[in-house]
Amino acid sequence: NYLISKLVFSQYIIVFLPSFLHNYNTNNNIMNQTKYIFVTGGVTSSLGKGIIAASLAKLLQARGYRTTIQKFDPYLNVDPGTLNPYEHGECYVTDDGAETDLDLGHYERFLNVPTSQANNVTTGRIYLSVIEKERRGEFLGKTVQVVPHITNEIKDRMQLLGKTGDFDIVITEIGGTVGDIESLPYIESVRQLVWDMGEHNAIVIHLTLVPYLAAAGELKTKPTQHSVKTLMESGIKADILVCRTEHEISDEIRNKLALFCNVKREAVIQSIDASTIYEVPNLMLEEGLDVVALKKLDLPKKAAPDLKNWNTFLRRIKNPKHIVNIGLIGKYVEMQDCYKSILEAFIHSGAANETKVNVISIHSEYIDASNVNEKFKDLDAILVAPGFGERGIEGKIAAVQYARENKMPFFGICLGMQMAVIEYSRNILGYADANSTEMNEQTAHPVVNLMEEQKNVTDKGGTMRLGAWKCDIKPNTLAHKIYGQTTISERHRHRYEYNSAYVNVLHEAGLKASGVNPDTGLVEIIELEDHPFFIGVQYHPEYKSTVANPHPLFVNFVAAAVKASKK
Ligand code: GLN
């Protein structure tokens, strides 16, 4: 008996030891559970929760923790794809084809780790899912209510990425401001999760504003006190306070904030205005945000964050050797957030070229043949932006013509590429009415037309050609020189395409199709030979540009602009 039990017991050890060691090794510290950090906002919107979340994630990642960030948005659209960019800024697209909030772009740019649909959830998506379950009879016999049905759905989604086992720490940003009616189910869900998981497994960071009253010459803590109080009324105690401010917060004010907001003194973190968002991880490191968060989560600090490459990048942004002026030709230029990923990609590629890229926004609605020379005279290069609908497209076509004829570096993205096809058809082939059927359904020369698979699509939400698709690049082309490989994958968001019926005739006339989707034959890249840099892409390279991996198209475009500026 003794022998048998010993044998059985030792088998257990043999069976279980490797799995225990495996857990131990992959997590480095004995972590059997993903830890959660929730980020809420108070006082006002636009404080930069996304940047604080991304900066904290960066520091945790640099200390060796596998970290991801997700965002919960309190509006009823199922995704931001149906929103006008003026409403909500750019719609960011992930590899898996999710149309998401632009903060996911910051997460990818900071962490260099791709996000997915699971990283962005809206109230619309939550309700849609609960109502579909109700229709299927999953709650049969029950009254379906905000609490517990909506909150349970939110809690499930909040833990989705954590349960994959891929992450040690999941940071969850709650959109909106505490006290908003529409944020309440999220705040209640956070309260329940923190209660469920226990204080060392889930913590709350509250981001607030400490305004400066010029007339009084003072920083004011009262809005923060009220905002923390609102959070407390919902049953949530902030573990860490991040205070946005335009001026240094004195020790005295920090003490006051700690005392009245019920947080430890070390957990009052100042977030002062920075000259670039890429400075914020360093500022948070100085303030000890990562260390306090780890302490509250009962996790070791591990190594000091390795920010060597990050700081090299920062040094390059701050000490440029060249300056270029690049025109951004679009119709949403009044609002910077509409072209967020493009602007950030210029910062990454500028650093790679040790160049300051001055992006000069030019409204395409007001460009025409009579003023284009004057408007473009100080530019070194132009980028024609993506977009939808007719407004401003004639200006974009005039811009392409200028760049082509004056041998100015040109980069067209999505609609910008389609405009280059139209310009060439009109001015080189003489198809005077050449157009996209998006703008003119009756044109005799539909050089850009609706993709076949789009012809029966009537729903507008999430139905474009979205996400990552492959592209084969032809040898001996500019595209091949830039990418240095023959197969690439890039992200898309469009319904129209370069009409295959015109590809050969335009190719013969000099507009080369240098990249093509291997399965459908859809043209992904066009370029001109006798030109220093003329390239148009049907996809959105800007979504994949990060600090660690600036996008090669942007890097080479900026290099071409630098070359042009020297002439
Ligand atoms: N409106 C064009 C299309 O749907 C271009 C889209 C875009 O620029 N993202 O194809």
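Residues numbered from 1 in each chain as written. Predicted model: local features only at pLDDT ≥ 70, side-chain atom pairs only at ≥ 80, totals over all residues. Heavy atoms only, no water.

### Here's the deal with the overall build of the protein chain
Stage number 1. In terms of helices and strands, the protein chain carries 19 helices and 23 strands.
Stage number 2. Evaluated residue by residue, the protein chain yields a buried proportion of 55% over its 567 residues.
Stage number 3. Residue pairs at least 24 apart in sequence account for 73% of intrachain contacts in the protein chain once pairs closer than 6 positions are excluded.
Stage number 4. When the accessible surface of the protein chain is totalled, it reaches about 25200 Å², and 52% of it is carbon and sulfur.
Stage number 5. Computing the positive centroid from 59 side-chain charges and the negative centroid from 67, the protein chain places the two 6 Å apart. (Helix = DSSP H or I, 4+ residues; strand = E, 2+ residues; numbered from the N terminus. Buried < 20%, exposed > 50% of the residue type's maximum accessible area, 1.4 Å probe, protein only. Contact = heavy atoms within 4.5 Å. Areas by Shrake-Rupley, 256 points an atom, 1.4 Å probe, with all protein chains shown as cover. Lys, Arg positive; Asp, Glu negative; His and termini not counted. Charge placed at Lys NZ, Arg CZ, Asp CG, Glu CD.)

### Concerning the pattern of salt bridges
Stage number 1. Tallied over the entire structure, the rule returns 33 salt bridges.
Stage number 2. Between D273 and R244 there is a salt bridge, with its nearest N and O atoms 2.9 Å apart. With D273 in the loop between strand 11 (268-272) and helix 10 (280-287) and R244 in strand 10 (residues 240-245), the pair connects residues that are 29 residues apart, well separated along the chain.
Stage number 3. Here D273 falls in the partly exposed class, since its relative accessible area comes to 43%.
Stage number 4. Take R244: its relative accessible area is 18%, and that puts it in the buried class.
Stage number 5. One salt-bridge network, in which partners are shared between bridges, spans K71, D73, D101, D103 and E173. (Salt bridge = Lys/Arg side-chain N within 4 Å of Asp/Glu carboxyl O.)

### Quick look at the environment of V291
Stage number 1. The topology assignment puts V291 in helix 11 (residues 289-296).
Stage number 2. Sequence separation between V291 and A267 is 24 residues; the distance between their C-alpha atoms is 9.7 Å.
Stage number 3. Non-local contacts of V291, meaning those with residues more than four positions away in its chain, are made with R63 and K301.

### Some thoughts on the pairing of strand 23 (residues 534-537)
Stage number 1. The side-chain alternation of strand 23 yields two buried faces, one formed by F534 and G536 and the other by I535 and V537.
Stage number 2. Inspection of the sheet shows strand 15 (residues 410-413) paired to strand 23 by four bridges, in the parallel sense. Following the sheet pairing, G412 is matched in strand 23 by G536.
Stage number 3. Of the strand pairs in this sheet, strand 22 (residues 523-528) and strand 23 are connected by three bridges, and their pairing is antiparallel. Within strand 23, the position partnered with I525 by the bridge is V537. (Pairing = 2+ DSSP bridges.)

### A look at the confidence of the model for the protein chain
Stage number 1. Across the protein chain, the average pLDDT comes to 93, with 94% of residues at or above 70.
Stage number 2. With pLDDT under 50 throughout, residues 11-30 is counted as low confidence; its partners more than four residues away or in other chains account for 12 contacts. (pLDDT = per-residue confidence, 0-100.)

### A few points about the site of the ligand
Stage number 1. Neighbouring the ligand are the residues P386, G387, F388, C414, L415, Q418, E438, R493, H494, R495, Y496 and H540.
Stage number 2. One of the backbone N or O atoms of L415 is found 3.0 Å from an oxygen atom in the ligand.
Stage number 3. Take H540: an N or O atom from its side chain is 3.2 Å from a nitrogen atom of the ligand.
Stage number 4. Starting from 300 Å² of accessible surface for the ligand in isolation, the protein chains cover 99%.
Stage number 5. Those elements that place two or more of their residues in the shell around the ligand are helix 16 (415-427) and strand 19 (487-494).
Stage number 6. The residue inventory of the shell around the ligand, partitioned by class, reads five nonpolar, four polar and three charged. (Near = heavy atom within 4 Å. Polar contact = N/O pair within 3.5 Å; in protein donor to acceptor, adjacent residues only side chain to side chain. Nonpolar A, V, L, I, M, F, W, Y, C, P; charged D, E, K, R; others polar.)

### Points about unusual backbone geometry
Stage number 1. Residue P148 is reached from V147 by a cis peptide bond, and omega for that bond is 15°.
Stage number 2. Tracing the sequence through the fold places P148 in helix 6 (residues 146-160).
Stage number 3. With a phi close to 65°, N262 is a non-glycine residue in the positive phi region.
Stage number 4. Considering the arrangement of structural elements, one finds N262 in the loop between helix 9 (251-261) and strand 11.
Stage number 5. The class for N262 is partly exposed, based on a relative accessible area of 42%.
Stage number 6. Of note, the phi angle at N476 is positive, near 60°, even though the residue is not glycine.
Stage number 7. Relative to the helices and strands, N476 is located in the loop between strand 18 (465-473) and helix 17 (478-483).
Stage number 8. By relative accessible area, N476 is classed as exposed at 78%.

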